[in-house]
Amino acid sequence: MLQFGRWWQSAVVGGKLQNLLLNVQELVLDNCRSGEGKIEGITEEFSNLELLSLINVGLTSVADVPKLDKLKKLELSDNRISGGLEVLAERLVNLTHLNLSGNKFKDISTLEPLKKLPQLKSLDLFNCEVTNLADYRESIFKLLPQLTYLDGYDIDDCEASDSDGEGDGVEDEDEEGLEGESEDFDEEEEEDEEDVVAEEEDSADDSADEEEGEVNGDLDSEDEEDEDDDDDDEDSSPAKGEKRKRDPEDEEEDEDD
């Protein structure tokens, strides 16, 4: 198992360590082991760090947490921490999400230092003995009025949404990027639908023109046929003012009479 205080030696091979630390916004060291139950290897050089996860690393104290002004989410679940939260209020002034579930907090009083974290919106204390106290939720919301969610639920027992339950910063930027891509995709779909409708309308107009042309053609053909019939009739009848020639049979009949 990776030694907690030497994690960065495995992460860096050559290059400038300081530049690397400045670019880190999320740091997850879950299940690494802390030799003395303290935070090791994390310094103020992580000045842009927004999320720090130290789940199940054997911590008994947070006294050595560095000053991280941009840190918003701190995961400390499944450790053996029982107090000493004053340092969080002093060094993590912009903290919004704190997970202390699975630790050794027994009394409400041990959580009083969190009153000095004005941005704190979400606090998790699952599987801590303090949750067994009578009026636990009411007492915590009274102690920490800035809280919106306690153990994933607000004061009216409404569950936190995924966006409210997660940290701000990098994750929010990713969500905004996805929303932007979704909007672009929707716009493309609308444009495609408009093109299809326009093509269908053009096709319908062409079909109508063809049908009209066929009808006109049929009518013209019928008119021509009628004209031809009229011409035939005129050719078969004697011209006006011309005497009808007598057939020989008619002349014989006249002689007999």
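Residues numbered from 1 in each chain as written. Predicted model: local features only at pLDDT ≥ 70, side-chain atom pairs only at ≥ 80, totals over all residues. Heavy atoms only, no water.

With respect to the pattern of salt bridges
Two side chains that carry opposite charge are able to pair once their charged atoms sit near each other.
Phase 1 of the analysis: Evaluation of the coordinates by the stated rule reveals 3 salt bridges.
Phase 2 of the analysis: Here Glu75 ties to Lys73 by a salt bridge, and the two come within 3.6 Å at their closest N and O atoms. (Salt bridge = Lys/Arg side-chain N within 4 Å of Asp/Glu carboxyl O.)

Looking at the nonpolar core
Phase 1 of the analysis: With 44 residues, the main nonpolar core has Leu98 and Leu123 as its most contacted residues.
Phase 2 of the analysis: Listed by contribution, the elements that provide at least two residues to this core are helix H3 (86-91) and helix H4 (136-143).
Phase 3 of the analysis: What Leu98 contacts, discounting residues up to four positions off in sequence, is Leu74, Leu76, Leu88, Leu114, Leu120, Ser122, Leu123 and Asp124. (Core = buried A, V, L, I, M, F, W, Y, C linked by side-chain atoms within 4.5 Å. Buried < 20%, exposed > 50% of the residue type's maximum accessible area, 1.4 Å probe, protein only. Helix = DSSP H or I, 4+ residues; strand = E, 2+ residues; numbered from the N terminus. Contact = heavy atoms within 4.5 Å.)

Some remarks on the confidence of the model for the chain
The predicted structure's coordinates, where accompanied by low pLDDT, should not be read in detail.
Phase 1 of the analysis: Averaged over all residues, the pLDDT of the chain is 77; the fraction at 70 or higher stands at 57%.
Phase 2 of the analysis: Across residues 167-171, confidence stays below pLDDT 50; counting only partners more than four residues off in sequence or on other chains, it has 14 contacts. (pLDDT = per-residue confidence, 0-100.)

Considering a positive patch on the surface
Phase 1 of the analysis: On the surface, Arg33, Arg80, Lys104 and Lys106 cluster together into a patch of positive charge.
Phase 2 of the analysis: Structurally, Lys106 is set in the loop between strand S4 (97-99) and strand S5 (122-124).
Phase 3 of the analysis: Of the residues examined, Lys106 reaches a relative accessible area of 47% and is grouped as partly exposed. (Patch = residues over 30% accessible without salt bridge, like charges linked within 9 Å, V, L, I, M, F, W, Y side chains within 5 Å. Areas by Shrake-Rupley, 256 points an atom, 1.4 Å probe, with all protein chains shown as cover. Lys, Arg positive; Asp, Glu negative; His and termini not counted. Charge placed at Lys NZ, Arg CZ, Asp CG, Glu CD.)

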